[in-house]
Amino acid sequence: MNKGSYLSLVHFVTFLILIISIACGNTIVVEAQKCKPSGKIKGKKPPKDQCSPGDECCKEGKFYTTYKCSPPVSGHTKAILTINNFDKGGDGGGPSECSGKYYHNSVPVVALSTGWYSKGRRCFENITIHGNGRTVKAMVVDECDSGRGCDSQHAYLPPCQNNIVDASEAVWKALHVPKKDWGWLEIFWSD
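All of the points below concern the structure found in this document. Since the model is a prediction, treat every value here as computed from it, not as a measurement.

Thoughts on the pattern of salt bridges
Tallying each qualifying case throughout the model produces three salt bridges. With its nearest N and O atoms 2.8 Å apart, the salt bridge here joins R122 to D191. Here R122 is found in the loop between α2 (114-117) and β5 (126-131), whereas its partner D191 is found in the segment after β8 (184-190), with 69 residues between them in sequence. With a relative accessible area of 13%, R122 lands in the buried category. Where D181 meets K180, a salt bridge forms, and the shortest distance between an N and an O atom there is 3.4 Å. For D181, a relative accessible area of 35% gives the class partly exposed. Among the residues examined, K180 registers a relative accessible area of 71% and is labelled exposed.

Here it is, written out as structure tokens:
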């Protein structure tokens, strides 16, 4: 191969690498922009004594945004930590999607928003949660449904936002969050 052919090949390969890099970069941007609302549902008035005290149940006639996706997962995925009672009779509604069982509040378990739950692909996987200057591992046992809500199956609660890690008391305790502050916390999580 002569010097001119070699340089042409190097330029071609460099150009090809540049095109692939741009394409991959654009794919990442498109992926990040993909998660848009999938619709809305209209709230119905919960039957008497069906809304757990302290819960923000659906309001009759109010529209709630639904999602089928969640923001892209990275090694440092930003999320909102909320609290859930996975025990029988707790505010989580029925048993967990992954096992069909209930979990005591002393067990570090979570429900992930629909997109992150990924149709059960993360069931029984441990995720690492970083918040309040601490880290804790918790097992995925349920979905925090971002696509449906305001019915008996969802304890008359609105659909979850698409960026929720809904955690048991054990997770909040492990993060050393004062009990008076339980309910909402900005966190990061990873697989």
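Considering the nonpolar core
Counting residues in each nonpolar core, the largest one holds 23 residues, and the members touching the most others are L81, V110, I129, V165 and V171. Broken down by secondary-structure element, the contributors of at least two residues to this core are β3 (77-83), β4 (109-113), α2, β5, β6 (134-144), β7 (164-167), α3 (169-174) and β8. Those residues in contact with V165 that sit more than four places away from it in its chain are A79, I80, L81, T82, V110, A111, L112, W116, I127, I129, I187 and W189.

With respect to the sheet that holds β8
Strands sit in the order β3-β7-β4-β6-β5-β8 around a closed barrel of six strands; the barrel is mixed. Geometrically, the sheet is characterised by an average inter-axis angle of 45° between neighbouring strands, direction not taken into account. Here β4 runs beside β6; their pairing, made up of five bridges, is parallel. Considered in β6, the bridge of V110 is made with V140.

Describing unusual backbone geometry
Of note, S118 is a non-glycine position whose phi angle comes to about 55°, a positive value. For S118, the location among the structural elements is in the loop between α2 and β5. We classify S118 as buried; its relative accessible area is 19%. One non-glycine residue, H176, lies in the positive phi region at around 60°. Examined against the element boundaries, H176 turns out to sit in the loop between α3 and β8.

What about the side chain of S96?
Among the structural elements, S96 can be located in the loop between β3 and β4. Here the side chain of S96 touches V141 through a polar contact of 3.3 Å, landing on its backbone oxygen. Leave out the neighbours within four places in its chain, and S96 touches K101, Y103, V141 and D142.

What counts and what doesn't
- Going along each chain's sequence as written, the residues are numbered from 1 onward.
- In keeping with the predicted nature of the model, local features appear solely for residues at pLDDT of at least 70, side-chain atom pairs appear and are counted solely at 80 or more, and the whole-chain, interface and lining totals rest on all residues.
- Working from all heavy atoms in the structure, the side-chain values ignore hydrogens and water.
- Here a salt bridge means any side-chain nitrogen of Lys or Arg lying within 4 Å of a carboxyl oxygen belonging to Asp or Glu.
- Counting from the N terminus, the helices are the DSSP runs of H or I reaching at least four residues and the strands are the DSSP runs of E reaching at least two.
- For every residue, the accessible area obtained with a 1.4 Å probe (protein chains only) is divided by the maximum for its type, and the residue is called buried under 20%, exposed over 50%, and partly exposed between those limits.
- Grouping buried Ala, Val, Leu, Ile, Met, Phe, Trp, Tyr and Cys residues that are joined through side-chain atoms within 4.5 Å yields what is termed a nonpolar core.
- Whether two residues are in contact is decided by their heavy atoms, any of which lying within 4.5 Å being enough.
- Each pair of strands is called paired provided DSSP finds at least two bridges between the two strands.
- Geometry is summarised by axes, namely lines fitted to C-alpha atoms with helices restricted to the contacting stretch, and by angles between N-to-C directions that run from 0 to 180 degrees.
- Identification of polar contacts relies on pairs of N or O atoms within 3.5 Å, with a donor-acceptor requirement for protein atoms, meaning one able to donate a hydrogen and the other able to accept it, and with residues adjacent in sequence counted only if both atoms are side-chain atoms.

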